[in-house]
Amino acid sequence: MATICTDPKFYATTPATSISAYGPSNPTIPHRSLLHFSPKLSSHPPPFPYASTRKATVSCSQQPQTPPIAATYPTPKRRPEYIPNNISDPSYVRIFDTTLRDGEQSPGASLTSKEKLDIARQLSKLGVDIIEAGFPASSKDDFEAVKAIAKEVGNAVDKDGYVPVICGLSRCNEKDIRTAWEAVKYAKRPRIHTFIATSAIHMEYKLRKTKAEVVEIARSMVKFARSLGCEDVEFSPEDAGRSDREFLYEILGEVIRAGATTLNIPDTVGITVPSEFGKLIADIKSNTPGIENVIISTHCQNDLGLSTANTVAVRACAGARQLEVTINGIGERAGNASLEEVVMTLKCHGEVLFGGLYTGINPRHIYITSKMVEEYTGMHVQPHKAIVGANAFAHESGIHQDGMLKHKGTYEIIAPEDIGFERSNEAGIVLGKLSGRHALKKRLEELGYELDNEQLEGIFWRFKAVADQKKRVTDADLRALVSDEVFQPELVWKLQDLQVTCGTLGLSTATVKLIDANGREHVACSVGTGPVDSAYKAVDLIVKEPVTLLEYSMTAVTEGIDAIATTRVLIRGDNSRTTTHAHTGEAVHRTFSGIGAGMDIVVSSVKAYVGALNKMLGFKEKSRVNTAAERTAISS
């Protein structure tokens, strides 16, 4: 197993004689040179005073004598100028986010074009270097979404000259590559990412091609991508973790000669461990001709729960310069390396253990980005998820609480404020039914939400309705309201009124009033096995779109009988649309998720169901418009 360490002398024990933020120093406690203190993190004072400022070295053979006590960060450095096949600062690590492509391959994580664009905007605020916006050849919807992201987000240059690279995935064939280019070419920094499998099992059973054929396809398709005018081409040998080493050196050398600028080495099935994957990257660096002229990237799946460890190990020990990640670690099967875990590991340890490594990520946008992805995809983050889970900064043990009251550094290595999460019991302002718009807006801004006046007005009246029933509105309540009001698909139908009757004395009945996109009211009544079933059947009578309910779940966002309930549903249309799977090429039936929130669990449930229907109908309408446009172009 790979381990990261520094020069043992760097941790030399010396008497502690000065006063630290932990209180008067104790002569019996060793004085360690650890992490540099940033005065900006006032809630997390520095560890014991450091005696040395010499630069740490990185080794993969020894274990550090003492782990860091608390995370303190160096002053952020300026992001180096973007050059496709070169990074001028050897300490800089590019972050390649594939939430909108690999992340969307999670079952039930289908996103509308609007949602993809919203997430891309947020990823730009987060500061990712490359946004893999989708797989344009998979469907017309994905093509249009990638194109819209390239046109808007791919041209939004900030005051420091930063603009994200917009990348489109393609298989190694001319149709896919040309489609990807047509989608991303509008960005200031477009990239094509093409791949072909290189493991024996994939070549024999999936591709049914020889090694020589695979090499020729890879070489010719990278060359074709360059011929279209794309100067930034990434190549991935799919299932590299199980591929023959000599064959990898050969095919990678060929695509470098053909014009590839980034080589991504994926552990497609998540089978490797850090020492093994680190050696793979090191061997590729040592044996691939022309490797010094490209960027080495890694993409680690999480099938054995090692994706973050593998990703950090290959950067720290093997020198990969680009790391491929997703928000919340979502993705195919068990998911991918989590952006927040990788970035915060580098931020906590980069200065000392990893020789000064840093990224261009603004961590204060991590939490809001995580929540946006969670709400739009409908994929809940497990409470114990590192960095962004609900319990990540919760302390219930009496011993832990005692330590936290005395000093937060006793049990927290990261301050929640560093990732944009504000602790509700430290907010200062308590929101209730007498609170006004200004106080609400201020608290929402502190929580990381930037809302326009129309969105704020909608949330304000929802907030007032909740405050009339609860003495105190918590941050969790506010987040649920924002999710229900802002993180929603474009409206086709809106719930206006709902009335249900249920119990043990007869069939449950529900009357539902929906408003359509033109403002017309539609009312239907139905019976069912329970209040939710009857309400859903009433909705179906109005919408007239046959669907199958695949999943239904509900959670309370706070404790207490008056808590807001959040409901998630997953549906599939009986005449559902399909998309092409990136790796298998098979047609996959789209599923659509919806989330609703409310103090009434039936209202929450119906909102979630209507939200999922809106998402599905939005896809159908966009497809109809695109098809009509194509027919018009052909007839012209």
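Please read these numbers as outputs of a predicted model, since none were measured by experiment.

A. Structural view of the pairing of strand β15 (residues 565–573). Burial of β15 is extensive: eight of the nine residues sit out of reach of the surface. By the bridge criterion, nine bridges tie strand β14 (residues 547–556) to β15 in an arrangement that is antiparallel. Residue pairing across strands places Thr548 opposite Arg572, the latter belonging to β15. In this structure, β15 lies alongside strand β18 (residues 592–598), joined through seven bridges in antiparallel fashion. Each bridged residue has a counterpart across the sheet, and for Val569 the counterpart in β18 is Gly594.

B. A look at the pairing of strand β13 (residues 521–528). Bridge count for strand β12 (residues 508–516) against β13 is eight bridges, and the pairing is antiparallel. Pairing of Leu514 across the sheet is with His522, part of β13. The turn joining β12 and β13, which pair antiparallel and follow one another in sequence, is formed by four residues; a positive phi near 85° is taken by Gly519.

C. Molecular detail of the nonpolar core. Counting residues in hydrophobic clusters, the biggest one holds 111 residues, and the most contacted among them are Phe235, Ile251, Leu263, Ile265, Leu440 and Phe463. Of the residues forming this core, the biggest block, eight residues, is contributed by helix α6 (residues 245–258). With residues near it in sequence (within four places) discarded, Ile251 still touches Ile196, Thr198, Val214, Val215, Ala218 and Phe235. Counting 27 residues, the second-largest nonpolar core is a separate cluster that includes Trp493, Leu495, Leu514 and Val569.

D. Spatial organisation of the sheet that holds strand β6 (residues 190–197). Taken in spatial order, the eight strands line up as β3-β4-β5-β6-β7-β8-β9-β10 and close into a barrel, and their pairing is parallel. Across the sheet, the mean angle from the axis of one strand to that of its neighbour is 25°, orientation sign disregarded. With three bridges connecting them, strand β9 (residues 295–300) and strand β10 (residues 322–325) associate as parallel partners. Note on β10: the bridge partner recorded for Ser297 is Gln322. Most of the contacts of helix α3 (residues 174–184) go to strand β5 (residues 165–171), to which it runs at about 165°, and overall it touches β5 and β6. Taken strand by strand, helix α4 (residues 200–207) contacts β6 and β7 (233–238), and its axis lies near 85° from that of β6.

E. Structural view of unusual backbone geometry. Phi is positive for Arg333, close to 55°, though the residue is something other than glycine. Here Arg333 is to be found in the loop between β10 and α9 (339–349). Residue class for Arg333 comes out partly exposed when judged on its relative accessible area of 46%. The phi dihedral of Lys544 falls on the positive side, at around 60°, and the residue is not glycine.

F. Here's a closer look at the pattern of salt bridges. Within the structure shown, the criterion is met by 36 salt bridges. Two residues, Arg78 and Asp160, come together in a salt bridge whose shortest N-O distance is 3.9 Å. One end of the pair, Arg78, is in the loop between β2 (23–24) and β3 (94–97); the other, Asp160, is in the loop between α2 (140–152) and β5, and 82 residues separate them in sequence. When its relative accessible area of 61% is taken as the criterion, Arg78 is described as exposed. Assessed through its relative accessible area of 44%, Asp160 is described here as partly exposed.

G. Region of interest: the confidence of the model for the protein chain. For the protein chain, the mean per-residue pLDDT works out to 84, and 83% of the residues sit at or above 70. Predicted confidence is poor over residues 1–65, with pLDDT under 50, and the contacts of this stretch with residues over four places away or in other chains come to 145 contacts. Here residues 630–636 is modelled with pLDDT under 50, and outside its nearest four sequence neighbours on either side it reaches one contact, counting other chains as well.

H. Looking closely at helix α8 (residues 307–318). Here α8 spans 15 Å end to end across twelve residues, near enough to the 16 Å set by a 1.5 Å rise per residue. Counting buried positions over the twelve residues of α8 gives ten, a clear majority of the element. Within α8, burial applies to Ser307, Thr308, Asn310, Thr311, Val312, Ala313, Val314, Arg315, Ala316 and Ala318.

I. Seen up close, the environment of Pro289. Tracing the chain through its elements places Pro289 in the loop between α7 (274–287) and β9. Note on Pro289: relative accessible area 44%, which makes it partly exposed. Residues Pro289 and Leu252, spaced 37 residues apart in sequence, show a C-alpha to C-alpha distance of 8.1 Å. In this view, Pro289 contacts Tyr249, Gly253, Ile256 and Arg257; residues no more than four positions away in its chain are not counted.

Analysis parameters
- Residues numbered from 1 in each chain as written.
- Predicted model: local features only at pLDDT ≥ 70, side-chain atom pairs only at ≥ 80, totals over all residues.
- Heavy atoms only, no water.
- Buried < 20%, exposed > 50% of the residue type's maximum accessible area, 1.4 Å probe, protein only.
- Helix = DSSP H or I, 4+ residues; strand = E, 2+ residues; numbered from the N terminus.
- Pairing = 2+ DSSP bridges.
- Core = buried A, V, L, I, M, F, W, Y, C linked by side-chain atoms within 4.5 Å.
- Contact = heavy atoms within 4.5 Å.
- Axes fitted to C-alpha atoms, helices over the stretch in contact; angles between N-to-C directions.
- Salt bridge = Lys/Arg side-chain N within 4 Å of Asp/Glu carboxyl O.
- pLDDT = per-residue confidence, 0-100.
- Expected span 1.5 Å × (residues − 1).

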